[in-house]
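Here is how the chains run, residue by residue.
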Amino acid sequence: MTLSSRGHAFSNVFESLSQDYLQGKEEVLRLSVIALLVGGHILVEDLPGLGKTTVALALAGVTGLTFGRVQCTSDLLPSDITGLSIFNREEGHFSFQPGPIFNNIVLLDEINRAMPRTQSAMLEAMEECRVTIEGITHSLPDPFMVFATQNPSDQSGTFLLPESQLDRFLICTGIGYPAEHLERLIISGGGIRERIDKISPLVSSADILSARRQVQSVYLSDKVISYIHSLVLATRSHDLIITGLSTRAAINLVQAAKAAAYLAGRDYVAPDDVKSIAVPVSAHRLVMRNDMTANGRGGVIRTIIADIALPLV
Amino acid sequence: MIAIKNLATILTYVIALCGMIPIFPWLTMFPRMLLILGLISGLWQDIKGNWQLKPWFQNILITPIFLYYALQYSRTNPIQPVISVLTIMLTVRLSGEKTVRHSKQIYALSIFCLASSSLYDLSPVFLLYLGLLLFMVAIALILLTFQSQDAGMLVTKLDLKRILIFGIMIPVISVPLILFFFPIMPRTQLPLWNFLNPLPSGTSGYSEIVEPGSKSNVSASHSLVFRAEMPRQEDSKLYWRGTVFNFTDGIKWTRTLQIPPENIYSNKSTVNQLIFPEPSAVRTLFSLDRPVTISLQRIKLSPDGVFELSRVGGRRINYSAESNNGGNVTQLNNINRRFYLQLPEQFPTRLKELSSRLIRFGNSDRKRVEYLENFYRLSHLRYSTNNLPIGDRVLDRFLFEIKQGNCEYFASSFALILRSAGIPCRLVGGFFGGEYNKLGGYYLVSEDKAHVWVEAFIEGEGWIRIDPSSFAENSGEVWSKKGSKNLVFRLTLAIDSFNHIWNRSVISYDLEQQISFASQLGSSFRGIQPLKRIWNVIPYIVGCLLITSIYFISKRMSLFNSREQRILNRFLKLIKLKFNISTVESGCGLFEVTSVANCSKVSNFVGIYAAAIYHDRRLTDKEYEKLMKILKDMQS
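The structure presented is a predicted model; accordingly, all values stated were derived computationally and were not measured.

Enquirer: Quick one: what's the story with the overall build of chain A, residue by residue and with numbers?
Expert: Helix and strand content of chain A: 13 helices and 11 strands. Within the span of chain A, comprising 313 residues, buried residues form 52% of the whole. In chain A, of all internal contacts separated by at least 6 residues, the share reaching a separation of at least 24 is 78%. Accessible surface, chain A: about 14,100 Å² in total, of which carbon and sulfur atoms supply 52%.

And the structure:
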């Protein structure tokens, strides 16, 4: 029972966010919470001005976590993110100045504008949850979550993230334009940055850590395992796909499905949970035969899902 | 979770036992001991988990034994060495490690052992063992297939249940085919293994000779002589006629080879019987007194109404008989009086006196017989099978001194006196009484029912049956003695009727019945009476329906579906009807259904159902009831 009530607390978090602050962004919020609950990272791929940063800020506000922001440019150095040692003349030695990555939620804005060298430094930090600078290893705070964004339309002067690094993001999703009536509402209401600053935290970081443990203990049925497995196998033998889903992708599918089930207040994974996260978790990891956009990949995943019978008994 | 290997090993032992138990009573001492030792050592090694006896060692060990039995084999003794070798091979495999290959060998050997036990005794129990064996071998082979893929494989209870169901399906599906092929497959008229079964020699109750005074105590076994399918008769008329004794030397009564001709005319209503004798060395065919016809090939009918097999086959036979239950048969022609009046040279004086009293008293045969009957009734004779008179003058002493004897004394003394008084007569040997099995509709006649009575020829009436034993003082209590009708007895009768059906429809089923079955089938197709034809055809229609319904059911599997599948199907149908959501075609999950339907009942249902299903467990009874209730609510 504690489990479902916890799950309830988190669904409260994202309900209050989506209703009071971020209308029309339920899906991206839900996926962010899932990424937070699993300890994964999220890549939001959409046009500027649709509220990517707002979502990240609101998430940090409502969870009471620290927030850091990096605006990526082509001259951004790794040390700009990780921090560096500065000589303190008064004390007579170098002291470490942590960079913006030493926050719970890090927004990497327009990640594809950074040089590959910087990208890989960031992504290594994401994977390892620690940073080594001048021989000293610094652990990143726990919970740690990267909220990266990229702009798909403006391709000049960008460095596309390679597949191996895309694979490190648990979830890759878009935001999309809000529905008409919502957009009117947003326009009339104006920006909400100031209101977001005043959000009082609903959960603490300790809550998040215990919720993560509970997510791990969500029951995963054999039927759902075989469902996920058949999904993975189907991507590997699909005509349009060169490289299908990896085993890590399958593990991530399970993790995200568990978190989705937890958010729905259940202590077991249903195939519906897998379906609900399959596109954001797996689409960006596929290497397609002809260069397809993320949307096209999502369509392929959706057709694959429609072909696989859900285990109902 | 259970390890497949353990399961297969346990099953292997049970299968081996199913093959061993039926053959065990027929084995000699050495294979018996070896079998027990092998079983124990195999079990011990399996429990310990290491196998001391290596296959090569065992092979070397048993080679001399095989040689020994090979030398034992001969035409007169063909079967014992073979079954000994079979059981020793089984022993060897049991005592070694149960690899997949060895297990399969054990199954084959067990089936061979069971099959060879049928050479000795083909009782209905064989069917039980065979059924068990086939069922278990089917399951064991499935398990072995798994084991051969992965020796350490574990199996869940659910999978085990599925394997069990498949294991049952294989033999069950084949049963209708067996029933179908049994009547139509070709078969030989002669038993294949006739020489193997020595005939049960002689019988203790019924004998081909009547000799009162040879033993002081007579005890007869309760072993079965024959069964007679027929409607129930009056107890006092249950005389089963066998043979006729027509010659006496004063003590012994025997049957001569030459029988004077007579003509029999039956004018009474007849009783039809279908008689199934147990195999024995006796040639006489029994039937209710007095038989008119017995229909069986290769039988000999004597003029005095005795039917005999011309050759003793030792196999199960059956025959239909038509009898005149009055026991009296009108004889129009004169008989050979001299033949039936033959007297021995020595004749006890007191019996002689009695017969002369008879002649003086009555002026007709009828009256003389009645006088003698009265004399027997008033003599305070007792019927007994113990303390019988023996030695010289037995009949004299029986009638005037000891006044105690069994049917042989009564009948032979009575017949002797009648002959001496000039009335032609003979002794008839057969059985009296029998237990009626209501379930099977037949009489059971056992050895202890053996009986001897008298047939006297009276001018104008013919041969009349007189049972002198019925004049005994205690005849009432002896003859009307009821068997204990308790539960055990009734159960025995019920088991016997099953035995009878087995003998009738399996063992003694032969070419003739096959032909009659075929002709019956043919005539029923072009029969004249439509109603009768329908009755004949109904069983086949029912059979066909059964087979087709099994086919369709297994196709649809709706009956074999689990409770979960059934309730889900109902739910999905209802959803489609009420909310127009086709789940299966659109690949829609249960929770998606809830969000689309937006109905509390639907979400309740899905909540309970999915919690069970995606926890990998079955629905509990309580949950099931709840779900059914929700479905009902949704329907209304």
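Enquirer: Quick one: what's the story with the pattern of salt bridges, residue by residue and with numbers?
Expert: A full pass over the atoms with the stated rule returns 32 salt bridges over all chains. Close ionic contact of A:Glu27 with A:Arg30 constitutes a salt bridge, the shortest N to O distance being 3.7 Å. Pair noted here: A:Glu27 and A:Arg30 are both in helix α2 (residues 26-38), with a separation of three residues, about one helical turn. You can call A:Arg30 buried: its relative accessible area is 16%. The partner of B:Glu592 in a salt bridge is A:Lys275, and the shortest N-O contact between them spans 2.9 Å. On the criterion of chain membership, the pair formed by B:Glu592 in helix α18 (residues 590-597) and A:Lys275 in helix α12 (residues 271-282) is interchain, its members lying in two chains.

Enquirer: Residue-level account of the sheet that holds strand β8 (residues 145-150) of chain A, with values.
Expert: Residues and elements named next belong to chain A. With parallel pairing, five strands are arranged side by side in an open sheet as β2-β5-β8-β1-β9. At either margin of the open sheet sits one strand with a lone partner, and together these are β2 (67-71) and β9 (171-173). When strand polarity is set aside, the average angle formed by the axes of neighbouring strands in this sheet is 15°. Alignment of strand β1 (residues 42-45) against β9, held across three bridges, turns out to be parallel. Directly across from Leu 43, in β9, lies its bridge partner Cys 172.

Enquirer: Please set out the packing of aromatic side chains residue by residue, giving values where relevant.
Expert: Residues and elements named next belong to chain B. Under the criterion given, the structure shown has 26 aromatic pairs over all chains. When the ring of Phe 398 is compared with that of Phe 410, the centres are 5.1 Å apart and the planes differ by 75°; the resulting orientation is edge-to-face. Taken together, the residues Phe 398 in helix α10 (residues 394-402) and Phe 410 in helix α11 (residues 407-420) connect sequence positions 12 residues apart. You'll find Phe 398 and Phe 410 in the same group, each marked buried. Three or more aromatic residues link up through ring pairs in this structure, and these residues are Phe 226, Trp 240, Phe 286, Phe 431, Tyr 436 and Tyr 443. The residue whose ring lies beneath Arg 32 is Phe 24, and the NZ or CZ to ring-centre distance is 5.2 Å. Sitting over the ring of Tyr 624, Arg 563 keeps its end group 4.4 Å from the ring centre.

Enquirer: Give me the lowdown on the environment of B:Met628, citing residues and values where you can.
Expert: Residue and element names in this part refer to chain B. Tracing the backbone shows Met 628 in helix α20 (residues 621-635). Relative accessible area serves as the criterion here: at 26%, Met 628 is assigned to the partly exposed category. Excluding residues that lie within four positions of it along the chain, Met 628 makes contacts with Ile 567 and Arg 570.

Enquirer: Let's hear about the interface of chain A and chain B: which residues, and what values?
Expert: Taken together, the contact between chain A and chain B spans 17 residues of the former and 19 residues of the latter. Between chain A and chain B, a total of about 1,500 Å² is buried, with carbon and sulfur atoms accounting for 56% of that surface. Counting every contact that joins chain A to chain B gives 11 residue pairs in polar contact (both at pLDDT 80 or more). Looking at the side of chain A that touches chain B, the elements that each hand over two or more residues are α10 (222-236) and α12 of chain A. For the side of chain A that touches chain B, a count of residues per class yields 10 nonpolar, one polar and six charged.

Enquirer: Kindly report on the pairing of strand β7 (residues 270-277) of chain B, identifying the contributing residues and their values.
Expert: All names here are of chain B. One ladder, built from four bridges, connects strand β3 (residues 224-229) with β7; its direction is antiparallel. Note that in β7 the partner of Arg 227 across the bridge is Phe 276. Here six bridges tie β7 to strand β12 (residues 319-324), and the two strands are oriented antiparallel to one another. Bridging across to β12, Val 271 finds its partner in Ser 323.

Here is what the cut-offs are and how they apply
- Residue numbers run consecutively from 1 along every chain, following the written order of its sequence.
- Chains and ligands are labelled by the order in which they are written, letters from A for the one and numbers from 1 for the other.
- Per-residue local features are limited, in this predicted model, to residues with pLDDT of at least 70; the limit for side-chain atom pairs, both in listing and counting, is 80 or more; totals at the level of whole chains, interfaces and linings are taken over all residues.
- Processing note: side-chain calculations cover all non-hydrogen atoms of the structure and skip hydrogens and water entirely.
- Secondary structure elements are defined from DSSP: runs of H or I of at least 4 residues count as helices, runs of E of at least 2 residues count as strands, and each element is numbered from the N terminus.
- Whether a residue is buried, partly exposed or exposed follows from its accessible area with a 1.4 Å probe, protein chains only, as a fraction of its type maximum: under 20%, in between, or over 50%, in that order.
- Contact criterion: two residues are considered in contact whenever any of their non-hydrogen atoms come within 4.5 Å of each other.
- Note on areas: Shrake-Rupley with a 1.4 Å probe; residue coverage comes only from the protein chains shown.
- A side-chain nitrogen of Lys or Arg and a carboxyl oxygen of Asp or Glu constitute a salt bridge if their distance falls within 4 Å.
- At least two DSSP bridges between two strands are needed for those strands to be called paired.
- As a rule, the C-alpha atoms of each element are fitted with a line to give its axis, helices using only the stretch in contact, and angles between N-to-C directions run from 0 to 180 degrees.
- Planes of paired rings set the category: under 30 degrees apart is stacked, over 60 is edge-to-face and the rest tilted, where pairs are Phe, Tyr or Trp rings (Trp by its six-membered ring) whose centres lie within 6.5 Å.
- Lysine and arginine charges are scored as sitting over a ring when NZ or CZ, respectively, is within 6 Å of the ring centre and within 35 degrees of the ring normal.
- As a working definition, buried area equals the accessible area (1.4 Å probe) given up by two parts on being put together, with both sides summed.
- Think of a polar contact as two N or O atoms within 3.5 Å of one another; within protein, one of them needs to be a possible hydrogen donor and the other a possible acceptor, and neighboring residues in sequence only count if both atoms come from side chains.
- Nonpolar residues are Ala, Val, Leu, Ile, Met, Phe, Trp, Tyr, Cys and Pro. Charged residues are Asp, Glu, Lys and Arg, and all others, Gly as well, are polar.

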